[in-house]
Amino acid sequence: MTQLDSVMAKVRAENRAALIAYIPAGFPSQEGCAKAIQALAAAGVDAIEIGFPYSDPVMDGPVIQEAAEISLKGGTNAADVFAALKVATDTGVAAVVMTYWNPIERYGVNEFAQSIANNGGSGVITPDLTIEESDRWLAATSKTGINPIYVVAPSTNDARLADVTAKTGGFVYAASLMGVTGTRTSVSTDASNLVSRVRTVTDLPISVGLGVSTREQAKSLAAYADGVIVGSAFIKLLLEAKTEQEGLDAISHLAKELALGVREGR
Amino acid sequence: MSSPGHFGEYGGRFVPEALIGALNELEIAHNTAQKDPEFLAELAELHRTYTGRPSIITEAKRFSEHAGGARIFLKREDLNHTGSHKINNVLGQALLTKRMGKKRIIAETGAGQHGVASATAAALMGLDCVVYMGEEDTHRQALNVARMKLLGAEVVPVTSGSRTLKDAINEAMRDWVTNVADTHYLLGTVAGPHPFPTMVRDFHKIIGEEAREQMLALTGRLPDAILACVGGGSNAIGIFNAFIPDSDVRLIGLEAGGDGVETGRHAATITGGTPGVLHGTRSYVLQDANGQTIESHSISAGLDYPGVGPEHAYLHDIGRAEYRAINDDAAMAAFSLLSRTEGIIPAIETAHALAGAILVGKELGPTANLLINLSGRGDKDVQTAAEYFGIPL
């Protein structure tokens, strides 16, 4: 049982949704990232996803692309990702890494899973790893006791939802809409339909991501989802801030608002 | 192939779950069409009356004097409508798009040849067409940008990353994830997630099938070597495929060596890369120690790509095909030589294969017959070539 499993069980017992924040390692800088992680944890997020910045982020919209580019220009590598993961787990929140597949394969599949476990991480979200290509990865996550977290989409049919969730641990990542990451003014009705369909095939917790940026959105998602994932909204605040402190204050404020939102849904 | 969509350890699908449904739909549509006499007849008729197939073979006798005296035969894909081999794949996929009931196609383009072919097929079949093109390439290939617009397509300059083909593919994939319900991604090479490498090969294999018969009729035997340039690798797979069982026929892919593989400024993915995953498939990739893609460099926009089709990776590893790098300067020398000895201005992409033929011709000598895929014509490259050779415009 990972710390993420415990957190998801705890919020279920509290009859609320978990607030899950995403931030790329090395953004806005190595030190700035550590401070942002600590600010998010202090503001009440339940879990943190550390992004592994990647040169070809086909699932990401302009905001996360820009953050990844800044991070990579700063020289962020795998060691920095694990260091950021450690900063997160040291604050007491559950933490996972979210990464495209190639950096894992390049690092070494077993070695990557082991480094996640060694730094207190609970699992890894792999948005472009299909279950058909997952044999080596599932062997590695099983051996190291971390959660392999898969993403499902509104276009995933029921039979495949059963296949994908059968391989998933921690929570099922439900993409709220067909598209890339980024804030949206409304979270589509696809999200509730998808969550209902996932419920029929698994008892795993279900977290919804893509497009969430406000307390109201968090509240409406928390009515039916077990976790609410917010990424681009935090990154946008850090990108727009004139000083580092202003950025940290802004994400802290938003995290507190969202933490209220995930408690108001039911 | 170990399983459908795989070539040994290469190929497969590394994509967001959101695209799986569309890839399955496409795979079924393609497999069904390949067995449907009506589809095959419709495509064959288009090739006869629109593309201009079969493409002819030209023997390059004067060029051959500079290539060790070996007999050099050019498979003239440059004479196809729109000026390159790309039309073969585009017409096939556009017909599939209609069969799937989709109204909009998107495409990536480097040199602009695939974009022009896509815009052409969209105009012919009444489909909406958006072409993503790296901003850098829109400057290098301004003529093709204008052609696409004249054909009614929207051209979107991509300003992220290296602003070349790799980033155009990223942007096309983002569009596809968002609009997959009514949009077909008309990928232009034998890369990307399954079924693209197999499907695009199936639409280009006609090149080698025609050439094999033509060479037997012309020379009474199979050629000693087949040469083709390799970026993503679609024209090369197209001409190689029919000859793969002929183990005495050497298959030689010429990659873009840029300033030289040793300088790190190149696009020779098999020669200078390592196995990895890029754009939905496992193959050779130009990447650093952290798995980040390294920007490629080539004078040829169409070869300027840090990945390569997975079947090429497989053919390389099992030793069936060989891959060599041709530097910018050698390619441009061959570009000039073919223009001056045969009156054929090749695409700069294709010039890499011609430079390879000069080397291989000298190695094999006058008894050898070499077949080269003349994959595209060079009209689009006149500006680049004029700048390179110092011809005032």
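J.: It is not clear to me how the overall build of chain A should be interpreted in this structure. Could you clarify?
T.: Each helix and strand counted, chain A has 12 helices and 9 strands in total. The C-alpha radius of gyration computed for chain A amounts to 17 Å, which stays within 12% of the reference 18 Å derived for 266 residues, consistent with globular compactness. Taking the principal axes of its C-alpha atoms as reference, chain A extends roughly 50 × 40 × 30 Å. Taking all 266 residues of chain A together, 62% fall into the buried category. Within chain A, counting contacts between residues at least 6 apart in sequence, those at least 24 apart form 74% of the total. Distance between charge centres in chain A, computed from 21 positive and 29 negative side chains, equals 4 Å.

J.: Looking at this structure, I do not really get the environment of serine 115 of chain A. What am I missing?
T.: All names here are of chain A. Along the chain, serine 115 turns up in helix α6 (residues 109-118). Judged by relative accessible area, which is 12%, serine 115 ranks as buried. Separated by 36 residues in the primary sequence, serine 115 and alanine 79 have C-alpha atoms spaced 9.3 Å apart. For serine 115, the contacting residues outside a window of four places in its chain are Phe82 and Tyr107. Among the polar contacts made by the side chain of serine 115, one reaches the side chain of tyrosine 107 at a distance of 3.2 Å.

J.: I keep staring at the nonpolar core and nothing clicks. Help me out?
T.: One recurring pattern in soluble globular proteins: nonpolar side chains tend to sit buried together. Counting 96 residues, the largest nonpolar core has Ile50 and Trp137 of chain A as the members making the most contacts within it. Residue contacts for tryptophan 137 of chain A: discarding those within four places in its chain leaves Trp101, Ile104, Val109, Phe112, Ala113, Val124, Thr126, Leu129, Ile146, Pro148 and Tyr150 of chain A. Grouped together as the second largest cluster of nonpolar side chains are 61 residues, Leu19, Ala29, Ala122 and Phe203 of chain B included.

J.: Can you walk me through the packing of aromatic side chains in this structure?
T.: In this description, a pair of aromatic rings is defined by centroid distance and the angle of the planes. For the structure shown, the criterion picks out 14 aromatic pairs over all chains. Taking 5.9 Å as the distance between ring centres and 35 degrees as the angle between the ring planes, the aromatic pair formed by tyrosine 10 of chain B and tyrosine 284 of chain B counts as tilted. With tyrosine 10 of chain B in strand β2 (residues 10-11) and tyrosine 284 of chain B in strand β13 (residues 281-285), the pair connects residues that are 274 residues apart, well separated along the chain. Overall, tyrosine 284 of chain B belongs to the buried group, its relative accessible area being 10%. Taken together, the ring pairs in this structure connect Phe52, Phe82, Trp101, Tyr107, Phe112 and Trp137 of chain A into an aromatic cluster.

J.: Help me out: how do you make sense of the sheet that holds strand β8 (residues 206-209) of chain A in this one?
T.: Whenever strands of a sheet pair, they do so through backbone hydrogen bonds, lying parallel or antiparallel. Residues and elements named next belong to chain A. A sheet is described by the order of its strands in space; here 9 strands give the open sequence β5-β4-β3-β2-β1-β9-β8-β7-β6, paired in parallel fashion. Each edge of the open sheet is held by one strand with a lone partner, namely β5 (147-149) and β6 (151-152). With 4 bridges connecting them, strand β1 (residues 18-24) and strand β9 (residues 227-230) associate as parallel partners. Bridged to alanine 18 within β9 is glycine 227. Contacts between helix α9 (residues 190-199) and the sheet are confined to β6, β7 (172-175) and β8, with β8 contributing the most and set at about 160 degrees to the helix. Packed onto the sheet, helix α12 (residues 244-264) meets β1 and β9 and runs at close to 150 degrees relative to β1.

Definitions and limits used
Residues numbered from 1 in each chain as written. Chains lettered and ligands numbered in written order. Predicted model: local features only at pLDDT ≥ 70, side-chain atom pairs only at ≥ 80, totals over all residues. Heavy atoms only, no water. Helix = DSSP H or I, 4+ residues; strand = E, 2+ residues; numbered from the N terminus. Rg over C-alpha atoms; globule rule 2.2 N^0.38 Å. Buried < 20%, exposed > 50% of the residue type's maximum accessible area, 1.4 Å probe, protein only. Contact = heavy atoms within 4.5 Å. Lys, Arg positive; Asp, Glu negative; His and termini not counted. Charge placed at Lys NZ, Arg CZ, Asp CG, Glu CD. Polar contact = N/O pair within 3.5 Å; in protein donor to acceptor, adjacent residues only side chain to side chain. Core = buried A, V, L, I, M, F, W, Y, C linked by side-chain atoms within 4.5 Å. Phe/Tyr/Trp six-rings, centres within 6.5 Å; stacked < 30°, edge-to-face > 60°. Pairing = 2+ DSSP bridges. Axes fitted to C-alpha atoms, helices over the stretch in contact; angles between N-to-C directions.

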